Amino acid sequence: MLSKQICPSIEKDDVVVKFAGDSGDGMQLAGTIFSDSVALEGNDIATFPDYPAEIRAPRNTIAGVSGFQIHLGKKNISTSGDEYDVLVAMNPASLKANLKTTKRGATIIIDSSAFTDEGLKKAGYTSNPLSDESLLGYNVAAAPISTLVEVALSTVAVTTEPATATATTAATAATAATATTAATATTATTATTAATATTATTAATAATAATAATATTAATKDFDITATTAETSTATVATTEAPASATLDKKTIEKTRNMFALGMIYYIFDRPTEVVEHLIGEKFKKKPALIEINRKIFRAGYDYAETAEIVESRISVPKAKMEKGKYRNITGNVATAWGLLAAAERAGLELFLGSYPITPATDILIEITKHKSLGAKAFQAEDEIAGICSAIGASYVGALACTSTSGPGLSLKSEALGLAVMAELPLVVVDVQRSGPSTGMPTKSEQSDLNQALYGRNGEAPLVVIAASSPANCFYFAYEAAKIALEYMTPVILLTDGSIGNGSQLFRIPKVSDLPKITPPIVPANSDYKPYERNENFVRGWAIPGTEGVRHRIGGLEKENIKGNVSTDPANHELMTSLRRKKVEKVAENIPLLEVMGDKNADLLVVSWGGTEGTVRTAAECAQQQGKSIAHVHFNYIMPLPNNAEEVLKGHKKVLVCELNDGQFINYLRTKFQHIQMEGYNRTHGQPFTERELVQEFGER
């Protein structure tokens, strides 16, 4: 642990931190390491990465600003926060883009080296905010970070020789960080946790009350955790008299500026540094020569903040009280992948994912590819159509079949979705929504694919649509989507969005054996099987090819009821259309009823769906504390709706539907409940709601 000078500490229940800089400045990495570390140390968290929409926007421009926002606290954290208590601004553009959402009195860490005339001009400044008094009212810690990093690395040379007595090996540097690690207990009894991992996942173990003693635990984010002893690479970082130009190139040096800023942040939050140093080791374990370089700069940033006394008082955020269990910091996309893996294990099936990479859904495909040992098969197709068609083929032969995409990809999959509806095959389609139409703003979040999910197919093609509402519960709704698809022999569209897909939360890892059973209607061999004979839920049997005595045919042409022969008989087509619709409607009997937060007869009922739940609920609770007669209800099940939806909606004088689109869900509700008056509150900014704007809106209704 680094030495500390005596500095008073202020305790806060929760704090919002924003890392912001140019795309390529490593803000996502610094933010991820910080969020992982504070989770390991016991805080609840929610994060929101915000990327530029352009692949490589011009440097030092507002369009090129990349950010990572972390909300940490000792209480339950359900949003990424509105305004920042601490802002890291690595260039003028990142300061200008984020100052409006930074609290007065907040601490702002600035790389003053980047505030050149050219940088200021590109950001749209006419004067330097570091000297024109525009930052009065903030605690500005302006440090020449780029210069300090260059000086700190001016005597560093990378060699590949075995470590010597004067060299600092990556292993030596990691020893302190792992001295008290609990990660060596990797054969803990959580072998049945998320997606059938065979060893304990301990990435956030220290965040639980049950494992508070492991506050300095260092663990990776993978399913299979190996003992986190010191790194054993022979690559070392040695101190020499050689100039930086002879050892480290300028680009490498610039890339470590984020670690300097992270060190400053860690000083402000009065945190032990061992966990961060270990996480740096994990991040660069494939490039061991970079481990000590980044650790060195992290320490330099911490030491600078301590020596310069950049704050009058440091910030202390106590540990959160949480239910006992194993936790980890997880993104919504990874949680989705784990939910699918867990469902395949519970159903006794192999998982097949056929997908084409697309922002912001690609991480689902990446995560599934890591788990071949669990029987998962991931196929990166040549396009979106091939992705879903390969999944339909896998479903036909008896796999839990899935495909992942975003809005543009979902539109390409629409014809194949109709085939899955007609053939009545189980299929999970994950749509991580982004701003559209067309390419739109690929890295920005929206809820504008709802109409497409509900209606985007030719003919009468009903299917189930559900929506996750947080990074952590993406796991449970992916599991639920698979369960419904398998048990009702229907495609299911799971809607998430960019903010919860890329955002992260603490996730309490369940045992797969504790999850609800999944019982697909698989037809036994040599049974009296008829392809379209149905059970009481209008579900046909699933005859796996190769099963003795159940030869059959299915396909995209309409089939005769019961027997399955191709049929164009009008009465038969009407009957089959009705049966497919009734099967989807029947799902409503086995989904949870809506729960109202607040007075069931409050004057105002605010409605949310999908990824807006956390912010809308938090704002509603705040309005209640202000004495407003307000209640909140959230929808995760869209098609079909919960059976008590009408009863809940009609029990209030006013109904306000909040959604990040131009009113797709409210229009859908109006088609179902035409006699209920509803109003909408809509935003298409490509950003999540803020608690402040919603509280103001609720007060005006």
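This one's a predicted model, so the numbers in the text were calculated from it and none came from an experiment. (Residues numbered from 1 in each chain as written. Predicted model: local features only at pLDDT ≥ 70, side-chain atom pairs only at ≥ 80, totals over all residues. Heavy atoms only, no water.)

### Thoughts on the packing of aromatic side chains
Consideration 1: Inspection of every chain in the model, using the stated rule, returns 15 aromatic pairs.
Consideration 2: An angle of 65° between the planes, with centres 5.2 Å apart, marks the rings of Phe635 and Phe665 as edge-to-face. Of this pair, Phe635 sits in strand β21 (residues 630–635) while Phe665 sits in helix α21 (residues 664–672), placing them 30 residues apart in sequence. For the pair Phe635 and Phe665, one class covers both residues: buried.
Consideration 3: Three or more aromatic residues joined by ring pairs make a cluster, and in this case those are Phe19, Phe34, Tyr266, Phe269 and Phe298.
Consideration 4: Lying over the aromatic face of Tyr267, Arg314 brings its terminal NZ or CZ to 3.9 Å of the ring centre. (Phe/Tyr/Trp six-rings, centres within 6.5 Å; stacked < 30°, edge-to-face > 60°. Helix = DSSP H or I, 4+ residues; strand = E, 2+ residues; numbered from the N terminus. Buried < 20%, exposed > 50% of the residue type's maximum accessible area, 1.4 Å probe, protein only. Lys NZ or Arg CZ within 6 Å of the ring centre and 35° of its normal.)

### Details of the pattern of salt bridges
Consideration 1: Considering all chains together, one arrives at 33 salt bridges under this definition.
Consideration 2: Between Asp270 and Arg314 there is a salt bridge; the shortest N-O distance is 3.4 Å. Here Asp270, found in the loop between α7 (257–268) and α8 (274–283), pairs with Arg314, found in strand β11 (residues 314–316); they are 44 residues apart in sequence, far enough to count as distant.
Consideration 3: The closest approach of N and O atoms between Glu585 and Arg581, which form a salt bridge, is 3.4 Å. Residue Glu585 and its partner Arg581 are both found in helix α18 (residues 570–586); the two are separated by four residues, about one turn of the helix.
Consideration 4: The class of Arg581 is partly exposed, set by a relative accessible area of 36%.
Consideration 5: Within this structure, Asp22, Asp25, Arg59, Asp111 and Arg257 form a network of salt bridges that share partners. (Salt bridge = Lys/Arg side-chain N within 4 Å of Asp/Glu carboxyl O.)

### So, the nonpolar core
Consideration 1: Counting residues in each nonpolar core, the largest one holds 108 residues, and the members touching the most others are Leu400, Phe635 and Phe665.
Consideration 2: Broken down by element, this core gets its largest block of residues, 11 residues, from helix α16 (residues 474–488).
Consideration 3: Residue contacts for Leu400: discarding those within four places in its chain leaves Leu340, Ala343, Ala344, Leu349, Glu350, Leu351, Phe352, Val428, Ala482 and Leu486.
Consideration 4: Core analysis: the next-biggest nonpolar cluster, separate from the first, contains 56 residues, Val15, Met27, Phe269 and Ile310 among them. (Core = buried A, V, L, I, M, F, W, Y, C linked by side-chain atoms within 4.5 Å. Contact = heavy atoms within 4.5 Å.)

### Quick notes on the pairing of strand β17 (residues 464–467)
Consideration 1: Burial along β17 is two-sided: Val464 and Ile466 and Val465 and Ala467, pointing in opposite directions, are all buried.
Consideration 2: Of the strand pairs in this sheet, β17 and strand β18 (residues 491–497) are connected by four bridges, and their pairing is parallel. Bridge pairing in β18 links Ala467 to Leu495.
Consideration 3: Chirality of the crossover, the property in question, places the unit of β17, α16 and β18 among those that are right-handed. (Pairing = 2+ DSSP bridges. Right-handed = clockwise from strand over helix to strand, strands pointing away.)

### Things to note about the sheet that holds β17
The pairing of strands in a sheet comes from backbone hydrogen bonds and takes either a parallel or an antiparallel form.
Consideration 1: In spatial order, the strands read β14-β13-β15-β16-β18-β17-β22; together these seven strands make up an open sheet with mixed pairing. Looking at the sheet topology across the chains shown, the edges are occupied by β14 (377–380) and β22 (637–639). Adjacent strand axes in the sheet meet at a mean angle of 20° when their direction is disregarded.
Consideration 2: As paired strands, strand β15 (residues 400–405) and strand β16 (residues 427–433) are joined by four bridges and run parallel to one another. (Axes fitted to C-alpha atoms, helices over the stretch in contact; angles between N-to-C directions.)

### Structural notes on the environment of Val607
Consideration 1: By the element assignment, Val607 lies in strand β20 (residues 604–609).
Consideration 2: Between the alpha carbons of Val607 and Gly680 there is a distance of 9.2 Å; along the sequence they are 73 residues apart.
Consideration 3: In this structure Val607 touches Val633, Phe635, Leu649, Val655, Leu656, Val657, Cys658 and Phe665, once residues within four positions along its chain are discounted.

### Let's talk about the pairing of strand β19 (residues 504–508)
Consideration 1: Summarising burial for β19: four of the five residues are buried, a large majority.
Consideration 2: Summarising the sheet, strand β12 (residues 327–331) and β19 pair through five bridges and their orientation is antiparallel. Looking across to β19, one finds that Asn329 is bridged to Leu506.

Distances and angles like these do not, on their own, reveal function.
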